[in-house]
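The primary structure of each chain is shown beneath.
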Amino acid sequence: MSAFPPPLADQPEPPVDEPQLLQLGAPEDEPCLRADAARNRARLLEAAARLVAEHGAAGVTMEAVAVAANVGKGTVFRRFGDRTGLLTALLDHSERKFQAAFLSGPPPLGPGAPPVERLRAVGHALLRRSVDELDLQLAAEPSPERRFSVPARRLLRGHLALLLRQAVPDADSELLSHTLTGYLSPVLIHHLTRQCGMPLERLEAGWDDLVDRVTG
């Protein structure tokens, strides 16, 4: 069981032909914040993200985030409630930025590049993101019965399937998208980087090789 609740509520899976940014967090979240409050929230989350990259998820405490963001500890508690709320918001923040990048950002990660180049780019971006926040992602890893139904993972898999259909129209893009997302699993990345000592560059090269073999 994950150490804190998954950051995304179950939502209907968007059609892969019409990718769209998932609405993350609670309905009363960021859209209703004043501009200054939204900026302060983003500053706190960026500070928390730096702590994750430098010290792992265990280094993310309310006190540490307050110091890193140069605010009072009470400000962090008022905004996120407790450490679980902070970690959940941090995952939402990271996921929102990643989805926006591959759905509407500049190429080759975003639209405008050939599908094979976009497949390579999305893998590289997700590998780098997972390595940077691996402890946090592992703490939020869904239980086996939910692993393939979490909305963010369904969106990613649908995006990969769409790119595969564009690159190899006669292939079974649905099954192949599962193969590709399996390579990007935080659990596998943990095993390869932490337990096997593989550098990120080797994982990126392996991803490129897998994409090339799958797309022919």
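This is a predicted model, so every value here is computed, not measured.

(A) Quick peek at the pattern of salt bridges. Evaluated as defined, the whole model comprises 10 salt bridges. Note that Arg 128 and Glu 204 form a salt bridge whose closest N and O atoms lie 3.3 Å from each other. Pair noted here: Arg 128 is in helix 5 (residues 115-132) and Glu 204 is in helix 10 (residues 200-215), with a separation of 76 residues, a long-range link. On the basis of relative accessibility, which here comes to 40%, the residue Arg 128 falls in the partly exposed class. A salt bridge links Glu 133 to Arg 129, with the nearest nitrogen and oxygen atoms 3.1 Å apart. With relative accessibility at 11%, the residue Glu 133 sits in the buried group.

(B) Focus on the packing of aromatic side chains. Within this structure, the stated rule accounts for two aromatic pairs. Centre to centre, the rings of Phe 98 and Phe 102 are 5.2 Å apart; their planes meet at 70°, and the pair counts as edge-to-face. Of the two residues, Phe 98 and Phe 102 are both situated in helix 4 (residues 83-104); the distance of four residues between them amounts to about one turn of the helix. Like Phe 98, the residue Phe 102 is buried in the burial classification. Seen from their ring centres, Tyr 183 and Trp 207 are 5.8 Å apart, and the 50° between their planes marks the pair as tilted. Residue Tyr 183 is located in helix 8 (residues 173-183), and its partner Trp 207 is located in helix 10; the two are separated by 24 residues in the primary sequence. When sorted by exposure, Tyr 183 lands in the same class as Trp 207, which is buried.

(C) Broad picture of the environment of His 159. Counting through the fold element by element, His 159 comes out in helix 7 (residues 151-167). The class of His 159 is buried, set by a relative accessible area of 3%. When the C-alpha atoms of His 159 and Leu 103 are compared, they prove to be 8.5 Å apart, with 56 residues separating the residues in sequence. Beyond its immediate sequence surroundings of up to four residues, His 159 is in contact with Phe 102, Leu 103, Arg 118 and Val 122.

About the thresholds
- Residues numbered from 1 in each chain as written.
- Predicted model: local features only at pLDDT ≥ 70, side-chain atom pairs only at ≥ 80, totals over all residues.
- Heavy atoms only, no water.
- Salt bridge = Lys/Arg side-chain N within 4 Å of Asp/Glu carboxyl O.
- Helix = DSSP H or I, 4+ residues; strand = E, 2+ residues; numbered from the N terminus.
- Buried < 20%, exposed > 50% of the residue type's maximum accessible area, 1.4 Å probe, protein only.
- Phe/Tyr/Trp six-rings, centres within 6.5 Å; stacked < 30°, edge-to-face > 60°.
- Contact = heavy atoms within 4.5 Å.

So yeah, pure geometry; function would need other evidence.
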